[in-house]
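One-letter residues, chain by chain:
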Amino acid sequence: MPSTNAMLLQIYVSMKAMPWYAALLTVSEYLVENGWTRCFPRISDVSCLAYVVYLTIYLVIVEFGIYWIHRKLHDIKLLYKY
């Protein structure tokens with residue numbers, strides 16, 4: 001069982017990260033609404049095959065990126081500390 005201090009530290013770190021996550025969502029929504037991205041809200045806007053291909057590429061890139069960013073955070077001690 002983690003100590004109370006460890007739990008409070010995790011809550012603190014999470015709360016510090018919250019504005020950054022909100023900012024990322026805001027920027028991505030802005031880009032979509034202004035047509036700077038290829039966003040297809042309905043499958044009927046593209047073919048089913050293209051939709052599946054775009055979704056697959058997106059998920060691979062996102063998961064690959066998250067994995068390597070997380071891994072690098074463990075390697076770069078200054079970043080991992082914060």
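Model, not experiment: these values are computed from the prediction.

All right, on to helix α1 (residues 4-33) then. Between the first and last C-alpha of α1 there are 43 Å, a value that for 30 residues agrees with the 44 Å anticipated at 1.5 Å per step. In α1, a bend of some 30° at alanine 17 exceeds every other bend along the element, and proline 19, a proline, comes one to four places later. Residue glycine 35 follows α1 closely and has a positive phi angle near 75°.

Let us now look at the confidence of the model for the protein. The pLDDT averaged across the protein works out to 84; a share of 95% of its residues lies at or above 70. Element-level pLDDT for the protein is lowest in helix α3 (residues 77-81), with a mean of 69, against a maximum mean of 88 in α1.

About the thresholds
- Residues numbered from 1 in each chain as written.
- Predicted model: local features only at pLDDT ≥ 70, side-chain atom pairs only at ≥ 80, totals over all residues.
- Heavy atoms only, no water.
- Helix = DSSP H or I, 4+ residues; strand = E, 2+ residues; numbered from the N terminus.
- Expected span 1.5 Å × (residues − 1).
- Bend = angle between axes of the 7 residues up to and from the residue.
- pLDDT = per-residue confidence, 0-100.

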